[in-house]
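# Topology and contacts: notes
Here is how the chains run, residue by residue.
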Amino acid sequence: MSAAEAPVIEAGGLTKRYGRFTAVDGIDLAVNKGEVFGLLGPNGSGKTTTILLLLGLTEPSAGTIRVLGLDPLRKPLSVKRRVGYLPDQIGFYDHLSAEENLAYSARLAGLASAEANRRISDALARVRLSDVRGKRVATYSRGMRQRLGLAEVLAKGSEIAILDEPTSGLDPQSTQELLELIRELAADGVTIVLSSHLLAMMQSLCDRVALFSRGRIGLIGKVADLTADVLGGTHVVEVEADGIDLAAVLKDAPHIAAVTPLRAGRWRVDADADVRADIAHRTVQAGGALSGMTIRQSSLDEVYARFFEGEDHDQAA
Amino acid sequence: MTRQREGSPFAGLSTVALKEAADHMNSARIHLVMLLVILTAIGSVYAAIGQIKATIGEDQFLFLRLFTTAQQPLPSFVSFLGFLIPLVAIALGFDAINGEYSRRTLSRVLSQPIYRDALLTGKFLGGLIVIAICLLTLWLLVTGLGILSLGLPPGGEEIARGLAFLFASFVYAGVWLAVAMAFSTLVKSPATSALCALTLWLVFTVFWPMLTPLVAGAVAPVDLLDPMTAVHQIAVQQGLARISPNVLYGEATLALLNPATRSLGLLFPSQLSGALMGAPLPLSASLALVWPQIAGMIAALIVLFTIAYVSFQRQEIRA
């Protein structure tokens, strides 16, 4: 296996216990170079703990981690030099300016000041904070702080960027701006690990996602594969018809995974292809009166809802 | 398998220390506390100058009187320092670590390639730098004021004793900085840790001197028929009193700034036979006299810093 193909992040049987509570329970994970990988799950399902373990900021109770081929426990400085981290609800020194905050991090990272200044200017320009670079961070909005956090990851020149809930608490416009920046970062070839409970965002951004539930990874894979696995189909058709039982009508039709009655005269059909023509044909043939039909691609929301169905969320929190 | 860590635990130490020192120098909190210290110091020295001028006499160490002379209602410069240095140190250190938690900057800073050691030690050093600058300024200010108003320069031994006094004050401030930082790692909320440190400060400055005779009386009661029990009680009381860094500092400054001080404990007449009462000790003898006090304070500093260190290393980043 060549270096380019080897996963940049590998975790095996990773476990973290806080006293009697198991926050992360034996997860296996591999993230490839250049990938945008999503950690998805409700609050308290172990996403942030997993991230802290990857960074070596907390010690695993069991299991192994390799980040860029290094053990974050044994080689924490090398790992942290090459991995950028945007924490959940990021904080800055409020009395310092954006520039001074980044300069402090750059000095901690051991960058020479000329190089650091150049990188900081570039990074601030990229996240569109150049105009307010000299202002105290206390005056920044939530969205600006998140962008500043991303600028720190950029200035560090990270090979892997780990972003914990980057868009939580942002208004829609700031969210879009931030997502655009994350896409640019990914386009530069940076491997991105992203945690969130916002599914639509993950669907548009991630190559692969891992679904977390109570410290375990329930599912892992491409978004399309997950929807197919969990829902049995990638397309959802809603059918309105009178005078027939659609489930019976579509019993032996191809491509159809499930037919769920929604209310009288209304069904939901999960399928792995666009089956509208077939449904219309069969409905009419069976003597039903077709009054409406809509199709959409099934979303991660549904995967999520289905996957966590019946789960006690208080338990996880 | 060796559990050797990669790289130096002190990578980033000077960066943290200088940043912390710069932050303190710019913070309104420290400006306020320093203003208080400087005003009271100038007030007490000014009063001392008046007193010295009025009672001018044959004194070999006139300059050191600046620090120790008290004129009612003002206490002397050293008692002011003994009282206020802890306040400065607490103001510098009470939110060192839990402040990073509450600002949510800790995980970001620790995701840079440094160890936690560098952050904690750097913060401690940053505080010490500020204290050193403040004490040096204060000392120079007082000395300058003395030269101007008394019209005579300090002698060589007076300067040497002044520097030793400066060092003792620095160590004393370090103890209180370590107290404040230990609370800042042990207690999650900055307000609570400030209160804890201030409570300890009040206990040692106000209640400790009242408490020790009571406890000593209970632990070692005096038997009227056995005079040695009285000696024993005093020894117990002194031992207890010396748990307080304020007492150690007070004793150290007494011996350093008042060269006639021969002992910091009980002295029997037999030990004094042949001694010239009131004759000053040489500097080396005074230093030997206060060495246990200074060493005690340094030890306390190290123990407190170790408590902070161990508790910080074991803490989860996630608050």
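Residues numbered from 1 in each chain as written. Chains lettered and ligands numbered in written order. Predicted model: local features only at pLDDT ≥ 70, side-chain atom pairs only at ≥ 80, totals over all residues. Heavy atoms only, no water.

Looking at where Thr 167 of chain A falls in the secondary structure, it is placed in the loop between strand E6 (160-164) and helix H6 (172-187). When sequence neighbours within four positions are dropped, the list of residues in contact with Thr 167 of chain A reads Thr 175, Leu 178, Leu 179, Leu 198 and Met 201 of chain A. (Helix = DSSP H or I, 4+ residues; strand = E, 2+ residues; numbered from the N terminus. Contact = heavy atoms within 4.5 Å.)

What follows concerns the interface of chain A and chain B. Taken together, the contacts link 33 residues of chain A with 27 residues of chain B. Of the roughly 3000 Å² buried where chain A meets chain B, counting both sides, 54% is carbon and sulfur surface. Area buried by chain A at its contact with chain B is led by Arg 74, Tyr 93 and Leu 108 of chain A, which between them contribute 24% of it. The tally of links from chain A across to chain B stands at two salt bridges. Between Arg 108 of chain B and Glu 152 of chain A there is a salt bridge; the shortest N-O distance is 2.4 Å. Summed over the shared surface of chain A and chain B, the number is 16 residue pairs in polar contact (both at pLDDT 80 or more). Listed by contribution, the elements that provide at least two residues to the side of chain A that touches chain B are strand E1 (9-18), helix H1 (47-55), helix H2 (76-82), strand E5 (83-86) and helix H3 (98-108) of chain A. A class-by-class count of the residues in the side of chain A that touches chain B yields 15 nonpolar, nine polar and nine charged. (Buried area = accessible area lost by both parts, 1.4 Å probe. Salt bridge = Lys/Arg side-chain N within 4 Å of Asp/Glu carboxyl O. Polar contact = N/O pair within 3.5 Å; in protein donor to acceptor, adjacent residues only side chain to side chain. Nonpolar A, V, L, I, M, F, W, Y, C, P; charged D, E, K, R; others polar.)

This paragraph deals with the domain arrangement of chain A. Each assigned domain of chain A is listed with its residue range as follows: domain 1 (9-227) and domain 2 (235-297). Inter-centroid distance (C-alpha atoms) of domain 1 of chain A to domain 2 of chain A is 43 Å. (Domains from an automatic or database assignment.)

The next point concerns the environment of Ser 189 of chain B. Residues and elements named next belong to chain B. Along the chain, Ser 189 turns up in the loop between helix H8 (156-186) and helix H9 (190-219). A residue is classified by how much of its surface remains accessible, and Ser 189, at 29% relative accessible area, is partly exposed. Along the backbone, Ser 189 and Ser 79 are 110 residues apart, and their C-alpha atoms lie at a distance of 31 Å. (Buried < 20%, exposed > 50% of the residue type's maximum accessible area, 1.4 Å probe, protein only.)

The subject of this paragraph is the sheet that holds strand E4 (residues 62-67) of chain A. Residue and element names in this part refer to chain A. Read from one edge to the other, the open sheet built from three strands follows the order E2-E1-E4, with strand pairing classed as antiparallel. Edge positions in the sheet fall to strand E2 (21-31) and E4, since each of these pairs with one other strand and no more. Strand-to-strand, the axes of this sheet are offset by a mean angle of 20°, without reference to chain direction. Pairing analysis gives eight bridges linking E1 to E2, with the strands arranged antiparallel. Note on E2: the bridge partner recorded for Ile 9 is Val 31. (Pairing = 2+ DSSP bridges. Axes fitted to C-alpha atoms, helices over the stretch in contact; angles between N-to-C directions.)

Residue and element names in this part refer to chain B. Running from N to C, helix H4 (residues 77-93) and H8 point in directions that differ by 35°, and their axes come no closer than 8 Å. Relative to H8, H4 is oriented so that their crossing is right-handed. Each of Phe 77, Val 78, Leu 81, Gly 82, Ile 85, Pro 86, Ala 89, Ile 90, Leu 92 and Gly 93 in H4 lies in contact with H8, whose residues at this interface are Phe 165, Ser 169, Tyr 172, Ala 173, Trp 176, Leu 177, Ala 180, Met 181 and Ser 184. Counted by class, the contact of H4 with H8 contains 15 nonpolar, four polar and no charged residues. (Left-handed = near helix turned anticlockwise from the far one by under 90°.)

Before going further, it helps to spend a moment on the side chain of Thr 175 of chain A. All names here are of chain A. Note that Thr 175 resides in helix H6. On the basis of relative accessible area, Thr 175 is assigned to the buried category, the value being 12%. For Thr 175, the contacting residues outside a window of four places in its chain are Thr 167 and Leu 170.

All names here are of chain B. Those residues carrying the UniProt feature "transmembrane region" (unreviewed entry) are residues 32-54, 74-97, 118-142, 162-183, 195-220 and 290-312 in this numbering. Secondary structure content for residues 118-142 is 100% helix and 0% strand, while the C-alpha to C-alpha distance between its ends is 35 Å. Secondary structure across residues 195-220 comprises 96% helix and 0% strand; the distance between its end C-alpha atoms is 33 Å. (UniProt positions renumbered as here; feature names shortened; annotations may be inferred.)

This next bit is on H4 of chain B. For an α-helix the count is 3.6 residues per turn, leaving residues at separations of three or four pointing the same way. Residue and element names in this part refer to chain B. Compared with an ideal rise of 1.5 Å per residue, which puts 17 residues at 24 Å, H4 spans 24 Å between its outermost C-alpha atoms and is within 8% of the ideal. The principal kink in H4, of about 30°, is found at Phe 83, preceding the proline Pro 86 by one to four residues. Of all 17 residues making up H4, 15 are buried, and the element is well covered by its neighbours. (Expected span 1.5 Å × (residues − 1). Bend = angle between axes of the 7 residues up to and from the residue.)

For the rest of this paragraph, the subject is empty space enclosed by the protein. Residue and element names in this part refer to chain B. In total, this model carries five cavities of 30 Å³ or more according to the counting rule given. Considered as a void within the structure, the largest cavity measures approximately 90 Å³ in volume. Considering the residues around the largest cavity, the lining is formed by Met 34, Val 37, Leu 81, Ile 85, Val 88, Ile 131, Cys 134, Leu 135, Leu 138 and Ala 173. Where the lining of the largest cavity is concerned, the elements lending two or more residues are helix H2 (28-54), H4 and helix H7 (116-150). Of all the elements, H7 adds the most residues to the lining of the largest cavity, at four residues. Residues of the lining of the largest cavity, tallied by class, amount to ten nonpolar, no polar and no charged. Space inside the second largest cavity adds up to approximately 70 Å³. (1 Å grid on protein atoms, 1.4 Å probe; cavity = no way out; pocket = protein on both sides within 12 Å on 5 of 7 lines; lining within 4 Å. Points joined across faces, edges and corners; volume = space filled by probe spheres on them.)

Looking now at the sheet that holds strand E3 (residues 36-40) of chain A. All names here are of chain A. What the six strands build is an open sheet, ordered E5-E6-E7-E3-E8-E9; its pairing is mixed. Each having just a single partner strand, E5 and strand E9 (216-222) make up the two edges of the open sheet. Averaged over all pairs of adjacent strands, the angle between strand axes in this sheet comes to 15°, irrespective of strand direction. In this structure, E3 lies alongside strand E7 (residues 191-196), joined through five bridges in parallel fashion. The residue of E7 that forms the bridge with Leu 40 is Ser 196. Contacting strand E8 (208-213) and E9, helix H8 (residues 223-231) runs over the sheet at an angle of about 120° to E9.

In this section: the environment of Asp 229 of chain A. All names here are of chain A. Tracing the sequence through the fold places Asp 229 in helix H8. Residue classification places Asp 229 among the exposed positions, given a relative accessible area of 58%. In the structure, Asp 229 is positioned 25 residues away from Pro 254 in sequence and 17 Å away in space, judged by C-alpha atoms.

All names here are of chain A. Restricting attention to buried positions, one finds in H8 the residues Val 223, Leu 226, Thr 227, Val 230 and Leu 231. The arc that holds every buried residue of H8, seen down its axis, measures 100°, which confines them to one face. Each element contacted by the buried residues of H8 is listed here: helix H7 (199-205), E8, E9, strand E11 (256-263), strand E12 (266-271) and helix H11 (300-307). (Arc of directions from axis to C-beta.)

In terms of nonpolar packing, the biggest core is built from 118 residues, with Ile 162 of chain A together with Phe 67, Phe 77 and Phe 165 of chain B touching the most fellow members. Ranked by residue count, the leading element in this core is H8 of chain B, at 15 residues. Leaving out residues up to four positions away in the same chain, Phe 165 of chain B has contacts with Phe 67, Phe 77, Val 78, Leu 81, Trp 139, Tyr 249, Thr 253, Leu 256 and Leu 257 of chain B. One finds Val 137, Leu 185, Leu 199 and Val 303 of chain A within the second-largest nonpolar core, a separate group that totals 51 residues. (Core = buried A, V, L, I, M, F, W, Y, C linked by side-chain atoms within 4.5 Å.)

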